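# Commentary on secondary and tertiary structure
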Amino acid sequence: MPRTTAAPGPSGRRPRAALAMAADAAAAVLDPAARAALREVCDLAQEATLDDLTTERARDVLADVEMLVTGWGCPPLDAPVLDAAPRLRAVVHTAGSVRGHITEACWERGIEVSSAAAANAFPVAEYTVAMILLSGKRALESARWLRAERRRPDLLATPRDVGNYGRTVGILSASLTGRRVLELLRPYDFELLLHDPYVTDEDAAGLGARSVSLGELFTRSDVVSVHTPLLPATRGLVSRELIGAMRPDAVLVNTARGAVVDQDALTEAAAQGRVRAVLDVTDPEVLPPDHPLWTCDNVTITPHLAGSLGNEWGRLTGLAVAEIRRWASGGGFAHPVRRERLAHLA
């Protein structure tokens, strides 16, 4: 999704809007090109970003806006905030999850909500596929060995279970990211499994995977990639029992949320050398300095970087601009967040 600088709809009307997010998020994501694109499709009440919606300045701005363009660090849009924004009709979020700022009061007042979660799924899926391929070749472990040993290994002595030919990859949840991962993995010589209780066998086949039970996903997969949102029902979903059932030397990749996984059980299994892991998320973030996962050579931990970073922020703002243009022309959002779907969303 390239950055869009499209004009407003046929009516030419530009909704009155304001920016609401943390100041550092606005500085990073809304570069001059993004701000110029936003100005073409909406009438920004001010260039400054609202990071506190309770101040007198914020109330003055909110009184006049139809739309909020939000981002990471947006304060909750609760009833007192909405009371100060009587004309507010829509929220366009330039990131993924809206759980941090969209409240029940928003739904009660019929405010329409859009999210850039579909755009953010692209880099997360790319990271996931890269880590699946690298883990199959033992590339991360080999790089650490080479740095320590500084000599050429005997590649002809490579075990037969190393490599990406014919491996079984299990995807936990057909979320936006999970579906994109399946799409990207289709050209490879993998057997693809999927567990998602809301996806039929036929739909899974359409995604290029075979639908299996949660237990079978963990017992059969060489790699299990977690794409389940953190909800009350999914906290600790990747349990000690499931981790214990994984194939010896299997890999757990987690780009969802740390608390979806029983981290104590994973730590024990990794420390014993039974499983490997690639973790872009942990619980908490960042782990304490003395946590055992830091010293596990078969675990790679990255600082929650799978999502949009750097030039990838342009994809988020491009989607937001396109959504504002559609909404202003009466076409509605292409990526709406529905109240009834919240129980299944991150």
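All values reported here derive from a predicted model rather than from experimental measurement.

### What about the overall build of the protein chain?
Broken down by element type, the protein chain carries 13 helices and 12 strands. Taking 2.2 N^0.38 as the reference for a compact globule, 346 residues should give roughly 20 Å; the C-alpha atoms of the protein chain span a radius of gyration of 22 Å, in line with that estimate. Expressed as lengths along the three principal axes of its C-alpha atoms, the size of the protein chain is roughly 70 × 45 × 35 Å. Here the protein chain, with 346 residues, has 51% of them falling under the buried criterion. Within the protein chain, contacts between residues at least 6 apart in sequence are counted, and of these 67% link residues at least 24 apart. The distance from the centre of the 38 positive side-chain charges to the centre of the 43 negative ones in the protein chain is 4 Å.

### Describing the UniProt feature "domain: D-isomer specific 2-hydroxyacid dehydrogenase NAD-binding" (unreviewed entry) in the protein chain
In the UniProt entry, the feature "domain: D-isomer specific 2-hydroxyacid dehydrogenase NAD-binding" (unreviewed entry) is given for residues 130-306. For residues 130-306, the end-to-end C-alpha separation is 10 Å, with 31% helix and 18% strand making up the annotated structure.

### Some points on the sheet that holds strand 7 (residues 190-195)
Strand pairing in a sheet relies on backbone hydrogen bonds. The paired strands run either parallel or antiparallel. Taking strand neighbours across the sheet as the criterion, the 7 strands line up as 8-7-6-9-10-11-12 in an open arrangement whose pairing is parallel. Strands at the two margins of the open sheet, each flanked by one partner only, are strand 8 (210-211) and strand 12 (299-301). Relative to strand 8, strand 7 is paired through 2 bridges, and the arrangement is parallel. Looking at strand 8, one finds that leucine 193 is bridged to arginine 210. Contacts from helix 6 (residues 117-136) reach strand 6 (167-172), strand 7, strand 9 (223-226), strand 10 (250-254) and strand 11 (275-279) within the one sheet, and its direction differs from that of strand 11 by about 150°.

### Here we look at the nonpolar core
Across soluble globular proteins, nonpolar side chains have a tendency to be buried as a group. Of all hydrophobic cores here, the largest spans 28 residues; its most connected members are Phe218, Val238, Leu252 and Leu266. The set of elements that each furnish at least two residues to this core consists of helix 10 (214-220), strand 9, helix 11 (240-244), strand 10, helix 12 (263-271) and strand 11. Take this core: its biggest share by element is 4 residues, from helix 12. Non-local contacts of valine 238, meaning those with residues more than four positions away in its chain, are made with Leu172, Phe218, Val226, Ile243, Leu252, Val260, Val261 and Asp262.

Calculation rules
- Residues numbered from 1 in each chain as written.
- Predicted model: local features only at pLDDT ≥ 70, side-chain atom pairs only at ≥ 80, totals over all residues.
- Heavy atoms only, no water.
- Helix = DSSP H or I, 4+ residues; strand = E, 2+ residues; numbered from the N terminus.
- Rg over C-alpha atoms; globule rule 2.2 N^0.38 Å.
- Buried < 20%, exposed > 50% of the residue type's maximum accessible area, 1.4 Å probe, protein only.
- Contact = heavy atoms within 4.5 Å.
- Lys, Arg positive; Asp, Glu negative; His and termini not counted.
- Charge placed at Lys NZ, Arg CZ, Asp CG, Glu CD.
- UniProt positions renumbered as here; feature names shortened; annotations may be inferred.
- Pairing = 2+ DSSP bridges.
- Axes fitted to C-alpha atoms, helices over the stretch in contact; angles between N-to-C directions.
- Core = buried A, V, L, I, M, F, W, Y, C linked by side-chain atoms within 4.5 Å.

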